[in-house]
Structure formats: C-alpha cells, structure tokens
Amino acid sequence: MLLWNGKLVEEEQVRVSYRDRGYYFGDGIYEVFRLYQGNLFEKEAHLDRLYNSLREIKIELKWNREQLSEMLDELAATLGQQDGMLYIQFTRGEAKRAHIFPEVCEAVMLGYCEPLARPADLIENGIEAITLEDIRWLRCHIKSLNLLANTLAKQEAVEAGAKEAILIRSDDTVTECTASNLLIVKDGVIYTHPNGNLILDGITKQVVKRLAGELDIPYVEQAFGKQQLVDADEVFLTNTTMEATPIIAIDGRPVGTGTPGAVTRRLQVAYVEMVE
Ligand code: PDD
C-alpha cells in the first residue's frame, strides 16, 4: 500500500501528473523514517524537521500535524512488526510549467514503507569513504528533493570503490556526507559540524548527542578541516538507516587503527539497547 494524498491506496491507483512541480523542478521536500519492530523511531523529531522543510520552501498542507501523524501510523501498520523504513515526500503540486509558484496549487503527498533490516555488517565492520568538494546549495538544512549534487557525489564514491563521500567546502570546512552526518573523535572528544545552513540536522545525530551525554562522552559542535578529519582517531557517520556506522578508511588511508574505534562502539551499544 502507498499513502497518496492522505489515503492508503494500491500502487496502481496512484496517478502523478507529468505537470507535478516535483518532476520538473524538484520542488518539494521529503523525510525518511526508521521502523523498528513496526514502531516509528523518533517520529516527533522527524515531523518537526518535515514541517521545518515545508515552511522553508513555503508549501502549505491541507492536513494538520495530527492527521499526518495518524496517516504515518496507518502506513507503518501495513508493514506489520518488521524493521523497515518509511519514505514520504511532498511536492508543491501540479501546474503548467513555470518557475513562479502557481496561484492555485495543492501539495501532492506520496509515501510508502519497505522492509529494511539493520545493516549489521556495515555497523560492525565499517565502511570506506572518499572526500569530495561540497558543491551543494546553501540551504542544506532543508530536506529538499533536489539531490543532484548528492547523487553525483555518491556515484563517484561507489565508482571509486567506497560507500560514502565526505563533503568539504572550498574553504576547507568538512560538512557532512551525501546522505549522512559526519562525526569524528579525537582524544576521546566527539566533534561535528554545528547545525545551520551547511548541513542537515540529522535525527540520528540528535540521538547520538543524547547518548554521548548519557555516557559522559564530550560532544563539541565545531567546524573542522580536512587535516583534522584525517588525523582523527575515529570517524563515523550517522543516518536513519545506517545508525552509527564507522568509517575505517578515507581516500584509501586507514582512519586511526583502521578498525572501528572504542567511542563509536560505546555509542553503537547504547543505540542498540534503545532500538531492540
Ligand atoms: N538521508 N545529511 C544528509 C545530506 C542526509 O541526506 C541525511 C539523511 C542525513 C542524516 O539524517 P537522519 O539522521 O535524520 O537520517 C544527513 C536520508 C536517510 C536519505 O536521504 O535517504
């Protein structure tokens, strides 16, 4: 079942117009939720960010938050008690192609769920990453459907034999990855880029910050450059589907010992206790 404009329908019933502004302009926003045993993880935080993205690009919905929240529960229930993901997007809607916002337009909602196991192997063993220039726009806090710079970078990473690209602005500021936040550990302290327009305020990162507090691991939101990145003892990424995944090599060179580090492990243990 899919969630289409407020209703649960079969895939065949979904009709999206060729005139949808999401299709022409990427004029919309999205969210990715995690389902653990059928439960929407950090639902309110995702809804907060969803509404923030909508506000930022001036899309108004005819459904209120309570109604939307119920729809997400109904959609999630179609998957049963499994681990999975829930994707939802809103576009500005259907109109004749013109850059200016249409005078009359109704936002189009589309959502679905998929079973998705926790990526145990990646979480346990880590991944390799490459560094690339961050050429994205300057509103990265909006979860926009415009992901061309992200998809190009991800493709380049995979073609280079890695799994993720770490993005660095031309002024040497390490921001985040193509679909995840980036955190480093040096001398027992976690560093990550502060929230703002250069990164997405990841929900998983918020959870990790909370866990770091509970575990008395110092956590500093402070920008850093490439040298600090490659000199870090540990590097890890966070996102909804990959949780806290170690990055064990960057541009072909090992990070620290080249194996997942102790701080990352402590956070992973705390994370699993929360979601299992
Ligand atoms: N991406 N930064 C970027 C650019 C992202 O696209 C994501 C998530 C994150 C981490 O956010 P969170 O912890 O809330 O998932 C950071 C999702 C998973 C995606 O696009 O598929």
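Residues numbered from 1 in each chain as written. Predicted model: local features only at pLDDT ≥ 70, side-chain atom pairs only at ≥ 80, totals over all residues.

A. Region of interest: the pairing of strand β11 (residues 189-192). Sheet analysis places strand β10 (residues 181-186) next to β11, joined by four bridges and oriented antiparallel. The residue bridging V185 from the neighbouring strand is I190, located in β11. As consecutive antiparallel partners, β10 and β11 are separated by two residues, and within that stretch D187 has a phi angle of approximately 50°, a positive value. As for the winding sense of the linkage, the β-α-β connection from β11 through helix α6 (residues 203-214) to strand β12 (residues 219-221) is right-handed. (Pairing = 2+ DSSP bridges. Helix = DSSP H or I, 4+ residues; strand = E, 2+ residues; numbered from the N terminus. Right-handed = clockwise from strand over helix to strand, strands pointing away.)

B. Summary view of the domain arrangement of the protein chain. For the protein chain, the domain assignment lists domain 1 (2-115) and domain 2 (120-275). Here the C-alpha centre of domain 2 lies 26 Å away from the C-alpha centre of domain 1. Of all the elements in the fold, those that place two or more residues in the side of domain 1 that touches domain 2 are β3 (28-36), α2 (43-56) and β5 (84-91). Residue contributions to the side of domain 1 that touches domain 2 peak at eight residues, all from β3. The residue inventory of the side of domain 1 that touches domain 2, partitioned by class, reads nine nonpolar, six polar and five charged. (Domains from an automatic or database assignment. Nonpolar A, V, L, I, M, F, W, Y, C, P; charged D, E, K, R; others polar.)

C. Quick peek at the confidence of the model for the protein chain. The pLDDT averaged across the protein chain works out to 98; a share of 100% of its residues lies at or above 70. Two summary scores accompany this predicted model of the complex, namely pTM at 0.98 and ipTM at 0.99. (pLDDT = per-residue confidence, 0-100.)

D. Main features of the nonpolar core. Core analysis: the biggest nonpolar cluster contains 36 residues, and A129, A165, I166, V235 and I247 have the highest contact counts within it. The residues touching I166, leaving out its near neighbours within four places in the chain, are A129, T131, V174, C177, L182, L229 and I250. Within the second largest apolar cluster, 19 residues are counted, among which are F33, F41, A76 and V108. (Core = buried A, V, L, I, M, F, W, Y, C linked by C-beta atoms within 7 Å. Buried ≥ 20, exposed ≤ 12 C-beta atoms within 10 Å, placed from the backbone. Contact = placed C-beta atoms within 7 Å.)

E. Structural view of the packing of α6 against helix α8 (residues 262-275). Relative orientation of the contacting elements α6 and α8 amounts to 105°, with a least axis distance of 10 Å. By the criterion of interaxial angle, the relationship of α6 to α8 is roughly perpendicular. Counting all contacts with α6, which are made through V208, L211, A212 and E214, the residues of α8 involved are L267, A270 and Y271. Of the residues belonging to the contact of α6 with α8, the class tally is six nonpolar, no polar and one charged. (Axes fitted to C-alpha atoms, helices over the stretch in contact; angles between N-to-C directions. Parallel < 35°, antiparallel > 145°, perpendicular 65-115°, else oblique.)

F. Structural view of the sheet that holds β5. Across the sheet, six strands lie side by side as β2-β1-β6-β5-β3-β4; this open sheet has antiparallel pairing. The sheet is open, and its two edges are formed by β2 (7-9) and β4 (39-41), each paired on a single side. Taking each pair of neighbouring strands and ignoring which way they run, the sheet shows an average axis angle of 30°.

G. Structural detail: unusual backbone geometry. At K58, a residue that is not glycine, the phi angle is positive and equals roughly 60°. Counting through the fold element by element, K58 comes out in the loop between α2 and α3 (65-77). Note on K58: 8 C-beta atoms within 10 Å, which makes it exposed. With a phi close to 50°, D251 is a non-glycine residue in the positive phi region. Classification of D251 as partly exposed rests on a count of 15 C-beta atoms within 10 Å.

H. Expanded view of the site of the ligand. Contacts to the ligand come from 14 residues, most closely from L200, G202, I203, T204 and T240. When contributions to the shell around the ligand are tallied by element, the ones reaching two or more residues are α6 and β13 (234-239). Among the elements that line the shell around the ligand, the one with the most residues is α6, at three residues. (Near = placed C-beta within 6 Å.)

I. View of the pairing of strand β6 (residues 108-115). Where strand β1 (residues 2-4) meets β6, three bridges bridge the pair, whose relative direction is antiparallel. Across the sheet, the residue bridging to W4 is L110, located in β6. Bridge count for β5 against β6 is eight bridges, and the pairing is antiparallel. When the sheet's bridge partners are listed, T91 is paired in β6 with V108.

J. View of α6. Between its terminal C-alpha atoms α6 stretches 17 Å, which fits the 16 Å expected from 12 residues at 1.5 Å a residue. Turning to α6, its buried residues are I203, T204, K205, V207, V208 and L211. Buried-residue contacts for α6 involve α2, β10, β11, β13, β14 (243-250) and α8. Count one or two residues on from α6 and you reach D216, which has phi positive near 60°. (Expected span 1.5 Å × (residues − 1).)

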